[in-house]
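Inside the fold
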Amino acid sequence: MVSIIQTPIQVSQILAGISSPISGGTDVFIGTVRNHSHGLRVESLEYTAYIPMAEKLMAAIEDEMRKKWMLHNIVLVHRVGVLHVGDVAVVTAVSASHRNEAFEACRFAIDRIKEVVPIWKKEFYEEGTAWVVGQHDIDLAGGMKE
Amino acid sequence: MVSIIQTPIQVSQILAGISSPISGGTDVFIGTVRNHSHGLRVESLEYTAYIPMAEKLMAAIEDEMRKKWMLHNIVLVHRVGVLHVGDVAVVTAVSASHRNEAFEACRFAIDRIKEVVPIWKKEFYEEGTAWVVGQHDIDLAGGMKE
Amino acid sequence: MINVTLKLFGPLRDVMQRDELQLQVPPPYKGDTAFELLTLSNPLLLRWRPSVRLAVNMEYTSFDHVLKSGDEICFIPPVSGG
Amino acid sequence: MINVTLKLFGPLRDVMQRDELQLQVPPPYKGDTAFELLTLSNPLLLRWRPSVRLAVNMEYTSFDHVLKSGDEICFIPPVSGG
């Protein structure tokens, strides 16, 4: 199950749906908004997505995962809109008979999401705003105060 | 924070306590009781532990994790007593600035728990009972029906 | 000329101040052709050329992909989800 | 002779039908000595010798560890937590 949502991610609900009587292990990755980034203090941030393409690519990631490992349930969910420090931005959850598959697939899922899914993060600092471009850089053209 | 408990593990409470404003990633492994094991249908199982030694070793695992990686919060909890299919037996949860540390440390935690912590699992099948000895074998001396 | 819909996101959206544009792309109708057309209207986009990927109808493809009328295209700046 | 407390868990507990035993261990007071003493009272334990680990005062140690009076020891069958 994959989705892009605008409302808070309910991790407990995801957990309730992910386990199954045939599963021995579930791995869950929870990505939250940090209070610092690129040496600046983050006040809030905004995720925007090319939503239909993002959902299509997340579904393709689920397919890839099922081809590579024997898995039971998969949940990949990303939130968009304005988020604050501590808010959950993304969850990848995988249940499997054995823990090795659960860990590998869960790691693969979040790595792939960060690599290919068309979602962009704009960070708001006291000093201004910036788009995060890729996993390591920020683009200051948006506007830092002098 | 490490513990051995006799009551159901409240995963939501663990999650509420694990994230922090400086954390970007949390990885949570949840081990649940499967309905099959060694080709037999599991009805229930019982974990017993050498509790003070188990808690001591789990605390040592937390120390090892903090030496190997830069981590924020760690929760390692194992339940003992009678459990049924679907019940949560163990949770390892780790928050860190970046996901790589969270994943590696979480995986290390569950691997080490399964390797060294003095906890034993007895499985109850329709056909009888058996101790699980190590991660792969069962000891049938306890009693299978003819 | 062919007509395509261009979607804009992230920093490219901020440069163009638009979510979407209709483009009339001249021959040879390639992804590159569309990007060049766009930079004529706003040269600030030039700096993004090395880092954007092209998606046509929501699939990543190469810049020499030949567009058809009615395609939905997007120049995808480096993503930062997760 | 020294007095040690032996803790029993898992399949070893089932064989001995006891959670705990007081043992009087003769020289040379090693972990091995304690295990041999135990197998005299119940030879069924012999099959566990290759797979158990020794803990003295809740720390894993080797079977030639020299015990002291008052030690709490445990022969740890292969663990199966998680």
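Residues numbered from 1 in each chain as written. Chains lettered and ligands numbered in written order. Predicted model: local features only at pLDDT ≥ 70, side-chain atom pairs only at ≥ 80, totals over all residues. Heavy atoms only, no water.

1. Quick notes on the interface of chain B and chain D
Let me state the cut-off plainly: Only heavy atoms matter for contacts: two residues are in contact if any of them lie within 4.5 Å across the pair. By convention, the term buried area covers the 1.4 Å-probe accessible surface removed from two parts as they join, with the contributions of both added. We define a salt bridge as a side-chain nitrogen of Lys or Arg found within 4 Å of a carboxyl oxygen belonging to Asp or Glu.
With 27 residues of chain B at the contact, the number on the chain D side is 22 residues. Here chain B packs against chain D, burying approximately 2,000 Å² in sum over the two surfaces, 59% of which is carbon and sulfur. Broken down residue by residue, the surface that chain B buries against chain D is led by Tyr50, Met53 and Trp120 of chain B, which jointly contribute 33%. Here chain B and chain D share three salt bridges between them. For the salt bridge of lysine 122 of chain B with aspartate 14 of chain D, the shortest nitrogen-to-oxygen distance reads 2.8 Å.

2. Thoughts on the nonpolar core
This is how it is decided: Only buried Ala, Val, Leu, Ile, Met, Phe, Trp, Tyr and Cys residues count toward a nonpolar core, and they belong to the same one when joined by side-chain atoms within 4.5 Å. For the exposure calls, accessible area comes from a 1.4 Å probe over protein chains only, and a residue counts as buried if that area is under 20% of its type's maximum, exposed if over 50%, partly exposed in between. Think of it this way: any DSSP run of H or I at least four residues long counts as a helix, any run of E at least two long counts as a strand, and we number them from the N terminus.
By size, the foremost hydrophobic cluster in this structure holds 42 residues, and its most contacted members are Ile61, Met65, Leu71, Leu76 and Val117 of chain B together with Ile76 of chain D. With eight residues, the single largest contributor to this core is helix 3 (residues 99-116) of chain B. Not counting residues within four places of it along the chain, the set of residues in contact with leucine 76 of chain B comprises Met1, Val2, Ser3, Met58, Ile61, Glu62, Met65, Val91, Thr92, Ala109 and Ile113 of chain B. By size, the runner-up hydrophobic cluster in this structure holds 41 residues, among which are Met53, Ala89 and Val117 of chain A together with Phe103 of chain B.

3. Points about the interface of chain A and chain B
At the interface, 30 residues of chain A touch 30 residues of chain B. Between chain A and chain B the total buried area reaches about 2,600 Å² when both faces are included, carbon and sulfur atoms providing 53% of it. Looking at the side of chain A facing chain B, the largest losses of area belong to Arg99, Phe103 and Arg107 of chain A, adding up to 24% of the total buried there. Counting across the chain A and chain B interface gives two salt bridges. Aspartate 111 of chain A serves as the salt-bridge partner of arginine 99 of chain B, at 2.9 Å between the closest nitrogen and oxygen.

4. A word on the environment of proline 21 of chain B
Assignment of secondary structure puts proline 21 of chain B in the loop between helix 1 (11-18) and strand 2 (25-32). When its relative accessible area of 44% is taken as the criterion, proline 21 of chain B is described as partly exposed. Discounting residues that sit within four places of it in the chain, proline 21 of chain B has contacts with Val33, Arg34, Asn35 and Val85 of chain A.

5. Here we look at the sheet that holds strand 7 (residues 88-96) of chain B
Counted only if it meets this: DSSP calls a pair of strands paired once it identifies at least 2 bridges connecting them. Axis lines are fitted to C-alpha atoms, over the contacting stretch for helices. Their N-to-C directions set the angle, which ranges from 0 to 180 degrees.
An order of 1(A)-5(A)-7(A)-2(A)-2(B)-7(B)-5(B)-1(B) is seen for the eight strands of this open sheet, with the pairing classed as mixed. Only two strands of the sheet have a single neighbouring strand rather than two, namely strand 1 (2-5) of chain A together with strand 1 (2-5) of chain B. If you compare each strand with its neighbour and ignore which way they point, the axes differ by 10 degrees on average. Judged from the seven bridges that link them, strand 2 (residues 25-32) of chain A and strand 2 of chain B form a sheet pairing that is antiparallel. Across the sheet, residue aspartate 27 of chain A finds its bridge partner in strand 2 of chain B, namely phenylalanine 29 of chain B. Its contacts with the sheet put helix 1 (residues 11-18) of chain A on strand 2, strand 5 (74-79) and strand 7 (88-96) of chain A together with strand 2 of chain B, and the angle it makes with strand 7 of chain A is roughly 15 degrees. In the packing of helix 1 of chain B onto the sheet, the strands contacted are strand 2 of chain A together with strand 2, strand 5 (74-79) and strand 7 of chain B, and the crossing angle to strand 7 of chain B comes to about 15 degrees.

6. Structural notes on the packing of helix 2 (residues 51-68) of chain B against helix 3 of chain B
All names here are of chain B. Rule in force here: The labels follow the angle: roughly parallel below 35 degrees, roughly antiparallel above 145, roughly perpendicular from 65 to 115, and oblique for the rest. Should the near helix be turned anticlockwise from the far one by less than a right angle, the crossing is termed left-handed; should it be turned clockwise, right-handed.
At a minimum axis separation of 10 Å, helix 2 and helix 3 run at an interaxial angle of 150 degrees. Considering their axes alone, helix 2 and helix 3 lie roughly antiparallel with respect to each other. As helix 2 runs across helix 3, the sense of the crossing is right-handed. Here Leu57, Ile61, Glu64, Met65 and Lys68 of helix 2 come into contact with helix 3, specifically with Ala105, Phe108, Ala109, Arg112, Ile113 and Val116.

7. Some remarks on the confidence of the model for chain C
Where we set the bar: For every residue, the predictor assigns a confidence score, pLDDT, that lies between 0 and 100.
With 100% of its residues at a pLDDT of 70 or more, chain C shows a mean pLDDT of 96. Taken together, the chains of this predicted complex give a pTM of 0.94 and an interface ipTM of 0.93.

8. Side note on the relation of the copies chain A and chain B
How we decide: Only residues with pLDDT of at least 70 in both copies contribute their C-alpha atoms to the least-squares superposition of the copies.
Least-squares fitting of chain A to chain B yields an RMSD of 0.0 Å, with the superposition described by an axial translation of 0.0 Å and a rotation of 180 degrees. The relationship between the two copies is best expressed as a two-fold rotation axis. The position closest to the rotation axis in chain A is occupied by the C-alpha of valine 28 of chain A, lying 2.5 Å away. Comparing interface residues between copies, 100% of those in chain A also sit at the interface in chain B, which points to an isologous, same-surface contact.

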